[in-house]
Amino acid sequence: MSTPAPHHARPAPPKRSGGAAALGWILTIGLNVVAPIITYNVLTKDHGWSEFSALLLSSAWPVLESAISLAWRRKLDEFAVVTLVFLVITAVVSLIGAHSARALLIKDSGVTGLFGLLCLGTLLAPRPLMFYFSRKFATDGTPESTAWWNGLWQYEGFRTTLNRMTLVWGVTYVTEALVRILLAYTLDTKTMVALSPIMIYGVLAALGVWTTLYAKRSQAEGERRAAEEAAQAAAAS
């Protein structure tokens, strides 16, 4: 008597399209990272725009990326949407308080802290934020690879991994923001100006390394469990 395949055996990813992946990343990095930074710097340094106005205009680039994604792939690019939300949060925070050196340092902490809260808030949504971030890295954006990634959500181990990633990113960024606010009132401004970017990029790098290692370990664990279930099913037959 034949035995059905184990329920937890995950389908292999479809073959990636190198051209589609490269074009997708060019659009993502160009319109979500490079263009907003250049626009913001040109408007504030060369044309005297306020931070708020420059950031709002910079947010037009992720909107354009979302429009291109809708026209090209018939779906909304969640990565661009998150980038847009982040720029709007930054713009709103730039309006708060005086523009002293300490106030600017605290505002930077407010941005990362709000991003951490956004991560934690998506744990209550149908999909956590890291589901969409990870999909951006794990697929080439084609309908086949996107459907494969979306289909993995049915597996408990996959859901646990992405929820845990989102939780760690959220808690880390909220903690980092609170620590930087505390240090802004404890240390002198010169020291904090030098320390703040080190903390920002250090935390980002640490989270990136941890996320990569954790994802690989979780994938290996999932494959091991699937192999064990397959072996048990074969023995039972």
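Residues numbered from 1 in each chain as written. Predicted model: local features only at pLDDT ≥ 70, side-chain atom pairs only at ≥ 80, totals over all residues. Heavy atoms only, no water.

### Some details on the overall build of the chain
Selection criterion: Numbering goes from the N terminus for both helices and strands, where a helix is a DSSP run of H or I of at least four residues and a strand is a run of E of at least two. The classification of residues rests on relative accessible area computed with a 1.4 Å probe and restricted to protein chains. Under 20% of the type maximum is buried, over 50% is exposed, and intermediate values are partly exposed. Throughout, a contact is declared for two residues whenever any of their heavy atoms are within 4.5 Å. The Shrake-Rupley method, run with a 1.4 Å probe sphere, supplies the accessible areas, and residue values consider only the shown protein chains as cover.
Counting its regular elements, the chain contains 9 helices and 0 strands. For the chain, the succession of helices and strands along the chain, N to C, is α-α-α-α-α-α-α-α-α. A burial count over the chain gives 35% of its 237 residues as buried. In the chain, the share of contacts with a sequence separation of at least 24, taken over all contacts with a separation of at least 6, comes to 70%. When the accessible surface of the chain is summed, it comes to about 13300 Å², and 69% of that surface belongs to carbon and sulfur atoms.

### Quick look at the pattern of salt bridges
Where we set the bar: A pair is scored as a salt bridge if a Lys or Arg side-chain nitrogen falls within 4 Å of a carboxyl oxygen belonging to Asp or Glu.
Tallied over the entire structure, the rule returns 2 salt bridges. The salt bridge involving Arg180 is made with Glu176; its shortest N-O contact spans 2.6 Å. Of the two residues, Arg180 and Glu176 are both situated in helix α8 (residues 156-186); the distance of 4 residues between them amounts to about one turn of the helix. Note on accessibility: Arg180 and Glu176 belong to one class, buried. Here Glu221 ties to Arg224 by a salt bridge, and the two come within 2.4 Å at their closest N and O atoms. Pair noted here: Glu221 and Arg224 are both in helix α9 (residues 189-236), with a separation of 3 residues, about one helical turn. What makes Arg224 partly exposed here is its relative accessible area of 39%.

### With respect to the confidence of the model for the chain
Detailed reading of predicted coordinates is not advised where the pLDDT is low. Put simply, the rule is: For every residue, the predictor states its confidence as a pLDDT score lying anywhere from 0 to 100.
The predicted model of the chain has a mean per-residue pLDDT of 80, with 82% of residues at 70 or higher. The spread of mean pLDDT over the elements of the chain runs between helix α4 (residues 78-94), the lowest at 72, and α8, the highest at 94.

### Observations regarding the side chain of Thr166
Filter applied, for reference: What qualifies as a polar contact is a pair of N or O atoms within 3.5 Å, subject to a donor-acceptor requirement within protein and to the restriction that residues adjacent in sequence count only when both atoms come from side chains.
Note that Thr166 resides in helix α8. Look at Thr166 and you get buried, because its relative accessible area is 0%. Within the structure, the side chain of Thr166 is placed 3.2 Å from the backbone nitrogen of Met130, a separation counted as a polar contact. Discounting residues that sit within four places of it in the chain, Thr166 has contacts with Cys119, Thr122, Leu123, Pro128, Leu129 and Met130.

### Section: the nonpolar core
Spelled out, the test is: Residue types Ala, Val, Leu, Ile, Met, Phe, Trp, Tyr and Cys, when buried and joined through side-chain atoms within 4.5 Å, form a set referred to as a nonpolar core.
Counting residues in hydrophobic clusters, the biggest one holds 20 residues, and the most contacted among them are Phe115, Trp149, Phe158, Leu162 and Trp169. Those elements that place two or more of their residues in this core are α5 (101-121), α6 (129-138), α7 (143-151), α8 and α9. Examining the composition of this core, we find that 5 residues originate from one element, α8, more than from any other. Contact partners of Phe115, with chain neighbours within four places excluded, come to Val82, Phe86, Leu129, Phe133, Trp169 and Tyr173.

### Here's the deal with α9
What counts here: Each residue after the first adds 1.5 Å to the expected span of a helix. A residue's bend is simply the angle between two axes: one fitted to the seven residues ending at it, one to the seven starting at it.
If you check α9, its first and last C-alpha atoms are 69 Å apart, about what 48 residues at 1.5 Å a residue would give, namely 70 Å. At Leu195, α9 is deflected by roughly 25 degrees, the largest bend along its length, and proline Pro197 occurs up to four residues later in sequence. Inspection of α9 places Met192, Ser196, Met199, Val203, Leu207, Thr211, Tyr214, Ser218, Gly222, Ala226 and Ala233 among the buried residues, and these make up the whole buried set.

### As for α6
Where burial is concerned, most of α6 is hidden: 7 out of the 10 residues are buried. For α6, the complete set of buried residues consists of Leu129, Met130, Phe131, Phe133, Ser134, Arg135 and Lys136.

### A look at a nonpolar patch on the surface
For clarity, the threshold we go by: Exposure above 30% relative accessible area and the lack of any salt bridge qualify a residue for a patch; like charges then connect within 9 Å, and the nonpolar side chains Val, Leu, Ile, Met, Phe, Trp and Tyr within 5 Å.
Together, Ile29, Val33, Val34, Ile37, Ile38 and Val42 make up an exposed nonpolar region whose accessible area comes to about 460 Å². Mapped onto the secondary structure, Val42 falls in helix α1 (residues 18-46).

### Things to note about the packing of α8 against α9
Operational definition: Orientation is described by axes fitted as lines to C-alpha atoms, over the contacting stretch for helices, and by angles from 0 to 180 degrees between their N-to-C directions. Put simply, angles under 35 degrees are roughly parallel, angles over 145 are roughly antiparallel, angles from 65 to 115 are roughly perpendicular, and the rest are oblique. Should the near helix be turned anticlockwise from the far one by less than a right angle, the crossing is termed left-handed; should it be turned clockwise, right-handed. Under this grouping Gly is polar, as are all residues other than the nonpolar Ala, Val, Leu, Ile, Met, Phe, Trp, Tyr, Cys and Pro and the charged Asp, Glu, Lys and Arg.
Look at α8 against α9: their axes get within 11 Å of each other, and the N-to-C directions meet at 165 degrees. Overall, the two elements α8 and α9 adopt an arrangement that is roughly antiparallel. Helix-helix and strand crossings are classified by hand; for α8 and α9 the assignment is right-handed. Taken together, the residues that form the contact of α8 with α9 break down as 17 nonpolar, 7 polar and 3 charged.

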